[in-house]
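Coordinates in review
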Amino acid sequence: MIWSFTSTGFVDSSIITTEYNSDMRKSIFRKQIFLPQDHGSWVFIFSPVFIGLFAGKNFSYASLYLVIAALTAFLIRQPLTIAVKVWSGRRAKDDLRAAYFWVVVYSCIILVTTLGLIVEGFTYILYIAVPSIPVFAWHLWLVSKREERRQVNVEVVATGVLSLAAPAAYWVGIGHYDPSGWWLWILVWLQTAASIVYAYLRLEQREQDKGQERSGLSKMGLRAALYTSFNLASVLTLSLLAVFPSLLFLPYLVQWAETMWGITHPAVGWKPTQIGIRQFVVSTLWTVLFILIWR
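Just so it is clear, the structure is predicted and the values come from calculations on it, not from any experiment.

1. A short note on the overall build of the protein chain
- On a plain count of helices and strands, the protein chain comes out with 14 helices and 2 strands.
- Look at the contacts in the protein chain between residues 6 or more apart in sequence, and 74% of them connect residues 24 or more apart.
- When the accessible surface of the protein chain is summed, it comes to about 16100 Å², and 67% of that surface belongs to carbon and sulfur atoms.

See below:
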């Protein structure tokens, strides 16, 4: 047994070591460090991945590599953001060690799954990740300037990058490149962009006056209405022209109806969690309908 002398007398060094290791584990495994805290964002990675996988119809080892790589690339944003916040003086330096740990863990997973895709013959899939680099750098720069909040345009662009998982999963499923995969990317991005704009509308409505006139409500919700109306009209037109399945407009109709309802029924006093849950339910319903109709 090894003893150490402290200001309060002799103590067992093994106890000190155990307590230190326990504190280290608690520090490293805090979910605020390794998991995104904007819980509503999870649907923006799972939706395109599932749509691409079901559109491709075949699930292989390459599909598994892609799913893990896409999810891990999504997760690594959190510890990198924490690290930038520490460097810019927004968080305690104690968080830096945990952030570094998870960056290394996630980087290793991405490396292994990337090698798996290369071995399976899908090297070209890696090019699809290139647009994420400048977009992610843009996000981290905003974090360093304390300007990352309420950046709706940045988030719209970011969801476009995440939506690239749809054609990637589709190509892996069918085993080769097919230009039709780009339709999946566009269709998913249209929905996620509209979802982001609508979510910001609902958050803005929390602070408005309950007695606001209908004209004021319509003006506030104009951008969200334009996004969902454009999506519905475009998909309906292309469905009538037999470019898409004839009923593909239905999931966009659901999103459009939700937006119109939200514009006329403002979320005054709602908690962000309530808004996030409703958005998650609508986006999940959209995803399920899209998958069923596309197949």
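Here the narrative resumes.
2. Side note on the packing of aromatic side chains
- Counted by the stated rule, this structure contains 16 aromatic pairs.
- Summarising the aromatic geometry, the rings of Trp42 and Phe46 are spaced 6.1 Å apart at their centres and angled 15 degrees between planes, so their arrangement reads as stacked.
- On the numbers, 5.8 Å between centres and 80 degrees between planes, the contact of Trp182 with Trp185 is edge-to-face. With Trp182 and Trp185 both in helix H10 (residues 181-205) and 3 residues apart, this pair spans about one turn of that helix.
- Taking relative accessible area as the criterion, Trp185 reaches 21% and is therefore assigned partly exposed.
- Grouped by ring-pair contacts, the aromatic residues Phe122, Tyr124, Trp171, Tyr177, Trp182, Trp185 and Trp189 constitute a single cluster.
- Directly above the aromatic system of Trp270 lies the positively charged group of Arg202, at a separation of 4.8 Å from the ring centroid.
- The positively charged end of Arg278 is found above the aromatic ring belonging to Trp261, 4.3 Å away from the centroid.

3. Considerations on the packing of H10 against helix H14 (residues 272-294)
- As a packed pair, H10 and H14 sit with axes 11 Å apart at the nearest point and diverge in direction by 160 degrees. By the angle between their axes, H10 is roughly antiparallel relative to H14. Crossing geometry of H10 relative to H14 is assigned as right-handed. Here H10 contributes Leu184, Leu187, Val188, Gln191, Ser195, Tyr198, Ala199, Arg202 and Leu203 to the contact with H14, which in turn contributes Pro272, Ile275, Gln279, Ser283, Trp286, Phe290 and Trp294.

4. Some words on a nonpolar patch on the surface
- Judged by side-chain polarity, Phe59, Tyr61, Leu64, Ile68 and Ile109 come together as a nonpolar surface patch covering roughly 490 Å² of accessible area.
- Counting residues per element, the nonpolar patch draws most heavily on helix H4 (residues 61-75), at 3 residues.
- As for its position among the elements, Ile68 is in helix H4.

5. A look at the pattern of salt bridges
- This model, assessed by the stated rule, comprises 4 salt bridges.
- Between Asp95 and Arg91 there is a salt bridge; the shortest N-O distance is 2.9 Å.

6. A word on empty space enclosed by the protein
- For the coordinates displayed, the defined rule picks out 1 cavity of 30 Å³ or more.
- Computed from the structure, the largest cavity encloses a volume of approximately 60 Å³.
- Lining the largest cavity are Gln191, Ala194, Ser195, Tyr198, Thr228, Gln255, Glu258, Thr259, Gln279, Val282 and Ser283.
- Among the secondary structure elements, those contributing two or more residues to the lining of the largest cavity are H10, helix H13 (249-264) and H14.
- Ranked by the residues each element gives to the lining of the largest cavity, the list is headed by H10, at 4 residues.

7. So, H14
- For H14, spanning 23 residues, the distance from its first C-alpha to its last is 32 Å, which sits close to the expected 33 Å at 1.5 Å a residue.
- Along H14, the positions that sit buried rather than exposed are Ile275, Gln279, Val282, Ser283, Trp286, Thr287, Phe290, Ile291 and Ile293.
- Check the buried side of H14 and you find it contacts helix H3 (43-56), H10 and H13.

8. A few points about the side chain of Thr192
- Mapping Thr192 onto the fold places it in helix H10.
- For Thr192, a relative accessible area of 1% puts it in the buried group.
- In this structure Thr192 touches Phe44, Thr159 and Ser163, once residues within four positions along its chain are discounted.

9. Observations regarding the side chain of Thr81
- Within the element layout of this structure, Thr81 appears in helix H5 (residues 77-87).
- Here Thr81 falls in the buried class, since its relative accessible area comes to 9%.
- For Thr81, the contacting residues outside a window of four places in its chain are His139, Leu140 and Val143.

10. Here's the deal with helix H9 (residues 165-174)
- Within H9, 9 of the 10 residues are buried, which leaves it mostly tucked inside the rest of the structure.
- Buried within H9 we find Ala165, Ala166, Pro167, Ala168, Ala169, Tyr170, Trp171, Val172 and Gly173.
- Just beyond H9, the residue with positive phi is Gly175, at close to 90 degrees.

11. Considering the packing of H10 against helix H12 (residues 222-240)
- Where H10 meets H12, the closest approach of the two axes is 8 Å, and the angle between their N-to-C directions is 155 degrees. Comparing the axis directions of H10 and H12 gives the class roughly antiparallel. For H10 against H12, the interelement crossing comes out left-handed. Mapping the contact onto sequence places Trp183, Leu187, Leu190, Gln191, Ala193, Ala194, Val197, Tyr198 and Leu201 in H10 and Arg223, Ala224, Tyr227, Thr228, Phe230, Asn231, Val235 and Leu238 in H12.
- Classifying every residue of the contact of H10 with H12 gives 13 nonpolar, 3 polar and 1 charged.

Basis of the calculations
Residues numbered from 1 in each chain as written. Predicted model: local features only at pLDDT ≥ 70, side-chain atom pairs only at ≥ 80, totals over all residues. Heavy atoms only, no water. Helix = DSSP H or I, 4+ residues; strand = E, 2+ residues; numbered from the N terminus. Contact = heavy atoms within 4.5 Å. Areas by Shrake-Rupley, 256 points an atom, 1.4 Å probe, with all protein chains shown as cover. Phe/Tyr/Trp six-rings, centres within 6.5 Å; stacked < 30°, edge-to-face > 60°. Buried < 20%, exposed > 50% of the residue type's maximum accessible area, 1.4 Å probe, protein only. Lys NZ or Arg CZ within 6 Å of the ring centre and 35° of its normal. Axes fitted to C-alpha atoms, helices over the stretch in contact; angles between N-to-C directions. Parallel < 35°, antiparallel > 145°, perpendicular 65-115°, else oblique. Left-handed = near helix turned anticlockwise from the far one by under 90°. Patch = residues over 30% accessible without salt bridge, like charges linked within 9 Å, V, L, I, M, F, W, Y side chains within 5 Å. Salt bridge = Lys/Arg side-chain N within 4 Å of Asp/Glu carboxyl O. 1 Å grid on protein atoms, 1.4 Å probe; cavity = no way out; pocket = protein on both sides within 12 Å on 5 of 7 lines; lining within 4 Å. Points joined across faces, edges and corners; volume = space filled by probe spheres on them. Expected span 1.5 Å × (residues − 1). Nonpolar A, V, L, I, M, F, W, Y, C, P; charged D, E, K, R; others polar.

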